[in-house]
Amino acid sequence: MKKENYMSWSSYFMSIALLSSFRSKDPKTQNGACIVDKHHKIIGIGYNGLPRGCCDDDPHYWEDDDNDLLRSKHTYVVHAEKNAIYNCMAHDINHATIYVTQFPCNTCAQAIIQVGIKEVIFLRKKKYSHHTSLNQAVDKMFTDSSVNVVCYKTLDIEDTFYLDALEKTQHLYT
């Protein structure tokens, strides 16, 4: 079989993370994650959404007022990385790889490190000025914890057209 006839593992897993992000009802940023064990078996997927039992249709949860904790979606939303971790707790997550559509925040980085994930492959980083220091702190935690971090777009992958096609169906870049 020719190489062009099948999808690479990295494109496959990042496509699943991206596809999972489509489930998010966050009107501003939809993120997804896919955790894979060392045998290329998917052991967890997640997207940013509300905790179990909280109604996605309640607009109160999706308000974007960061000056008021009761009116900030950041108070309520569970990030994709944590949902993926929660969804694979019955599996051996040690030395796994997580594919994420967005570079992890500090609390997701902490969770990734604590459960023993050893590689993070991300699609994009937020480029807002207030994320610069946060991204640096996350980079420091990952480096100090020996977690390998790779931007998907820097991988030597010839089949990125799969992801390009998925990204065109949803506005992920801000």
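Up top you'll find the structure we're talking about.
Residues numbered from 1 in each chain as written. Predicted model: local features only at pLDDT ≥ 70, side-chain atom pairs only at ≥ 80, totals over all residues. Heavy atoms only, no water.

Peer 1: Teacher, can you tell me more about helix H4 (residues 106-115) here?
Peer 2: One turn of the α-helix equals 3.6 residues, which is why residues spaced by three or four share an orientation. Residues Cys-108, Ala-109, Ala-111 and Ile-112 constitute the buried set of H4. Looking down the long axis of H4, one finds its buried residues gathered within 160° of arc, a one-sided arrangement. Note on H4: the residue one or two positions beyond its end, Gly-116, has a positive phi of about 95°. (Buried < 20%, exposed > 50% of the residue type's maximum accessible area, 1.4 Å probe, protein only. Helix = DSSP H or I, 4+ residues; strand = E, 2+ residues; numbered from the N terminus. Arc of directions from axis to C-beta.)

Peer 1: Where do I start with the pairing of strand E4 (residues 119-124) in this structure?
Peer 2: Remember that side chains alternate between the two faces of the sheet whenever the strand is regular. With five of six residues buried, E4 lies mostly within the body of the structure. In the sheet, strand E3 (residues 97-102) pairs with E4 via five bridges, with the strands oriented parallel. Bridging across to E4, Ile-98 finds its partner in Val-120. For the crossover from E3 across H4 to E4, the handedness is right-handed. (Pairing = 2+ DSSP bridges. Right-handed = clockwise from strand over helix to strand, strands pointing away.)

Peer 1: I'm lost on the pattern of salt bridges in this one. Help?
Peer 2: Close approach of charged atoms allows side chains of opposite charge to pair. Taken as a whole and assessed by the stated rule, the structure comprises seven salt bridges. A salt bridge links Asp-57 to Lys-25; the nearest nitrogen and oxygen atoms lie 3.6 Å apart. Of this pair, Asp-57 sits in the loop between strand E2 (42-47) and helix H2 (73-76) while Lys-25 sits in the loop between helix H1 (9-21) and strand E1 (32-36); the two residues are 32 residues apart in sequence, bridging distant segments of the chain. Under the relative-accessibility criterion, Asp-57 is labelled exposed at 61%. For Lys-25, a relative accessible area of 41% puts it in the partly exposed group. Where Arg-71 meets Asp-68, a salt bridge forms, and the shortest distance between an N and an O atom there is 4.0 Å. Ionic contacts of the salt-bridge type, sharing partners, join the residues Glu-63, Asp-68 and Arg-71 into one network. (Salt bridge = Lys/Arg side-chain N within 4 Å of Asp/Glu carboxyl O.)

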